[in-house]
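Secondary and tertiary structure notes
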Amino acid sequence: MRIRLAWAISCITSVLSSMACRDLSGPQPAPALSGIVVTVNPENGLSATVQFLADHLDSARATWDDGEGDRGVTRCGAVPGKTVHRLVVAGLRASHSYSVVVEGWGAGQIVRSAPASLTTGELPAAIRSLRLRSDGAASTGLTLVAPLLPDVSATATGYLVAFDSTGQIRWYRGLPGRFPIEAKQQRNGHITVYAGRSFGWQEVQGEFLELTASGAVVRSYSIESPDYTDPHELLLTFDDTAVVAVHMLGYLIRHYDLSSLGGSPTAPLAVHVLERRAVDGGLRFRWSAADLFTPSDWPNPTAQAVDLDHPSSLAIDGAGNYVVSFQAMNEVTAIDATSGHVLWRLGGKHNEFTFRSDSYLGFAGQHDVQVLPNGHLLLLDDELRSQPGPARAVEYALDVSGRVATLVWEYRPLPAVVSPIMGSVQRLASGATLIGFGAAGRVTEVAPNGTVTWTATLASDEGTPVSFYRAVRLRSLYGYETP
C-alpha cells in the first residue's frame with residue numbers, strides 16, 4: 001500500500017477545526033485582516049480558495065451570500081501569528097455570483113473584511129445535464145454518488161458528484177482517464193474514492209484517493225503490486241482525526257478448471273484478499289478467499305465468470321472483526337480480525353443460519369452489508385438469483401450462538417424496482433434509511449415505519465436514468481457529522 005501526503009493539506013485547516021469561533025488568548029494587539037483574494041478552484045468550479053493576511057487573529061472563517069438566499073459559512077480555522085492564511089469555500093452553485101467576507105476573532109474583538117466577489121464556473125460538460133430528480137426535498141445535506149457515465153473510453157474523465165436537496169450539483173471531483181466507484185466521507189471529514197479502471201477483476205492497478213473539501217489529494221491507498229486494488233470498499237479507523245489503520249480489499253489472478261461448465265480448463269479468475277495495514281504501510285493482517293471458496297460454491301455456476309468470490313462490501317463489527325459480503329456466493333461471512341478464522345457464514349451454499357420472518361428465506365446478490373450499532377445487519381438484497389427479482393432493503397437481527405437470522409425490517413418499493421447489481425443502504429441518525437438502487441439510478445429515503453419520505457432518480461436532462469454504485473448522505477463538506 002502506498003500513502004502519499006499532499007502539499008495542499010496545510011491550506012485546509014478549516015476542514016478539521018471546530019465550528020465555533022472564539023478568542024483563544026488574553027490581551028494582544030488589535031486583530032486585522034487584509035489582502036483578501038478569492039480564487040475559483042481549478043479542480044472544482046463550485047469551490048474557491050479565500051486567501052488573506054491575518055494579523056493577531058486566533059481564528060477565522062469565511063461566509064458567502066448570493067443575495068438570493070444561498071448563503072453559508074465555513075468552519076473556523078486557527079490562524080497562528082502573522083501569516084497568509086487560506087480557507088476553502090465549497091458547496092456553491094454553478095455559474096453563480098457570490099459575495100465573500102472573512103470574519104476573524106482575536107483580542108476579544110471581531111473583525112470583518114470588505115466583501116470580495118466570486119463567480120463560480122460552469123459544470124464540466126459530462127455532468128452538466130445531471131440532476132437528482134425528485135418531487136420533494138430530501139433531508140438536510142448532500143447526496144454523494146459516482147455516476148456511471150456513458151463515455152468509458154481510456155481518455156474519458158469520471159466524476160464523483162454531490163447533489164443538494166433540490167437535485168442540483170454542489171460539489172464534484174473529476175478523475176481524468178479513470179472512473180470512481182466506492183466513495184464515502186470518512187470520520188476526519190475527508191472523502192475517499194476509488195479511482196481506476198477496474199470493477200474487481202481487471203488486471204489494472206487502481207487506488208483510493210483521500211480528498212479534502214477542495215478536492216486536493218491528502219493520501220492514496222492501494223494494495224501492493226503484483227496484487228490489484230479492489231474498488232468495492234475502503235475503511236479507515238482513527239484516533240480522533242488521525243488515521244491509524246487501513247482496511248481494504250485486493251485481488252490476484254488464479255486459474256481454475258471450468259471445463260465442467262463448458263469453460264476453459266485454465267480460466268483466469270480474480271481471487272480476493274482482505275488486508276489491514278498501518279498508516280505507514282506495514283502489513284498487519286491478510287486473509288484470502290481462496291482458503292474458503294472454490295467454483296463449486298457458486299449458487300449460479302457459469303463458464304463466463306470473471307472472479308471467484310466478488311466481495312461487494314466490507315464492514316467491521318462491534319468486536320473489531322470483519323464482515324464481508326461475497327456477492328458471487330450469496331454469502332455474508334464474519335472473519336476474526338486477529339486469527340483469520342471464520343466465525344460464521346450467513347447465506348449461500350454453506351449457510352449456518354435459520355431465516356425467520358423472511359418470506360424470501362434469505363438474500364441473493366447482496367450489496368453494502370452494514371453492521372449497525374445494535375449488531376443487526378442492514379443490506380441491499382439485489383435478488384440476483386437465476387433471474388433478477390425486485391430489489392429490497394432488509395435488516396436482520398442475528399442470534400449468532402443459536403444461528404438464527406430474524407428479519408426485523410424491510411422495504412420493498414411499489415412498484416417494484418429491479419436493480420440486479422450495485423446499490424447501497426445507509427441508516428441515518430433520524431432512524432430513516434437511505435437506499436440506493438444503483439442499477440436503476442433510484443435513491444429513496446424511508447422512515448422506520450416504511451413510509452417513503454423522499455425518492456429521486458439520477459437522470460440526464462432527457463430523463464434517462466443513470467446508474468451508480470452507491471448513494472451516500474453527507475451533512476457537511478467541512479467536517480464529518482453523523483448524517
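Refer to the structure printed above.
Below, the structure is looked at part by part. Just so you know, these numbers come straight off a predicted model, no measurement behind them.

1. Structural notes on the layout of surface pockets
Looking at the largest pocket, its volume works out to about 1,100 Å³. Lining of the largest pocket is provided by 38 residues; of these, Lys184, Arg187, Gln370, Val371 and Tyr480 occupy positions nearest its centre. Of all the secondary-structure elements, those providing two or more residues to the lining of the largest pocket are β14 (179-185), β18 (228-239), β22 (311-316), β27 (367-371), β31 (424-427) and β35 (468-474). By residue class, the composition of the lining of the largest pocket is 18 nonpolar, nine polar and 11 charged.

2. Brief notes about the pairing of strand β20 (residues 267-278)
The buried fraction of β20 is high, at 11 of 12 residues. Looking at chain direction, strand β19 (residues 242-256) and β20 are connected through 12 bridges and run antiparallel. Bridge pairing in β20 links Tyr256 to Ala267. Where β20 meets strand β21 (residues 283-288), five bridges bridge the pair, whose relative direction is antiparallel. Residue Arg277 lies in a different strand from β21, and its bridge partner there is Leu283. Counting the residues in the hairpin turn of β20 and β21 gives four residues, including Gly281, whose phi is positive at 100 degrees.

3. Some words on the nonpolar core
Counting 38 residues, the largest nonpolar core has Leu144, Leu160, Trp171 and Leu477 as the members making the most contacts within it. If you tally residues by element for this core, the top one is strand β2 (residues 44-55), at four residues. The contacts of Leu477, once residues within four sequence positions are left out, are Ala90, Gly91, Leu142, Trp171, Gln185, Gly189, Ile191 and Ala213. In this structure, Val271, Leu274, Leu314 and Ala337 belong to the second largest nonpolar core, which totals 24 residues.

4. Looking at the sheet that holds β35
Reading across the sheet, the four strands line up as β13-β12-β11-β35 and stay open at both edges, with antiparallel pairing between neighbours. Strands with a single pairing partner mark the edges of an open sheet, and in this sheet they are β13 (169-176) and β35. For this sheet the average axis-to-axis angle between neighbouring strands, irrespective of direction, equals 20 degrees. One ladder, built from three bridges, connects strand β11 (residues 142-147) with strand β12 (residues 157-163); its direction is antiparallel. For Thr143, the partnering residue across the bridge sits in β12 and is Phe163.

5. Structural notes on empty space enclosed by the protein
One pass over the full model with this rule turns up one cavity of 30 Å³ or more. For the largest cavity, the calculated volume is near 30 Å³. Lining the largest cavity are Leu144, Val145, Ala146, Leu160, Ile181, Glu182, Ala183, Tyr469, Arg470 and Val472. Among the elements of the structure, β11, β14 and β35 are those that each provide at least two residues to the lining of the largest cavity. In terms of residue class, the lining of the largest cavity is built from eight nonpolar, no polar and two charged.

6. Overview of the sheet that holds strand β25 (residues 342-346)
The sheet built from four strands is open, its strands ordered β22-β23-β24-β25 with antiparallel pairing. Of all strands in the sheet, those with a lone pairing partner are β22 and β25, marking the two edges. Taken pair by pair, the neighbouring strands of this sheet meet at an average axis angle of 15 degrees, ignoring direction. Where strand β23 (residues 322-326) and strand β24 (residues 331-335) come together, five bridges link them in antiparallel fashion. Within the sheet, the bridge partner assigned to Phe326 lies in β24 and is Glu331.

7. Digging into the side chain of Glu103
Secondary-structure assignment places Glu103 in strand β7 (residues 97-106). Judged by relative accessible area, which is 9%, Glu103 ranks as buried.

Reading the values: rules and limits
- Sequence order as written defines residue numbering, which begins from 1 separately in each chain.
- Selection of residues for local features in this predicted model requires a pLDDT of at least 70, selection of side-chain atom pairs for listing and counting requires 80 or more, and totals for whole chains, interfaces and linings are taken over all residues.
- Based on all heavy atoms of the structure, the side-chain values leave hydrogens and waters out of the count.
- Points on a 1 Å grid over protein atoms alone make up a cavity when a 1.4 Å probe fits among them but cannot get out, and a pocket when they form an open set with protein on both sides within 12 Å along at least five of seven lines; lining residues each have an atom within 4 Å of a point.
- Grid points are joined across faces, edges and corners, and a volume is the space filled by probe spheres set on the points.
- Numbering of helices and strands runs from the N terminus, with a helix taken as a DSSP run of H or I at least four residues long and a strand as a DSSP run of E at least two residues long.
- Throughout this entry, Asp, Glu, Lys and Arg are counted as charged residues, while Ala, Val, Leu, Ile, Met, Phe, Trp, Tyr, Cys and Pro are counted as nonpolar. The remaining residues, Gly among them, count as polar.
- Throughout, exposure labels follow a simple rule: accessible area from a 1.4 Å probe, protein chains only, divided by the maximum for the residue type, with under 20% read as buried, over 50% as exposed, and the rest as partly exposed.
- By definition, two strands form a pair when at least two bridges between them are found by DSSP.
- Within this scheme, the nonpolar core is defined by two criteria: the residues are buried Ala, Val, Leu, Ile, Met, Phe, Trp, Tyr or Cys, and they are joined through side-chain atoms within 4.5 Å.
- Contact criterion: two residues are considered in contact whenever any of their non-hydrogen atoms come within 4.5 Å of each other.
- Simply put, an axis is a line fit to the C-alpha atoms, just over the touching stretch for a helix, and the angle between two N-to-C directions goes from 0 to 180 degrees.

Such coordinate-based values are descriptive only and should not be taken to indicate function.
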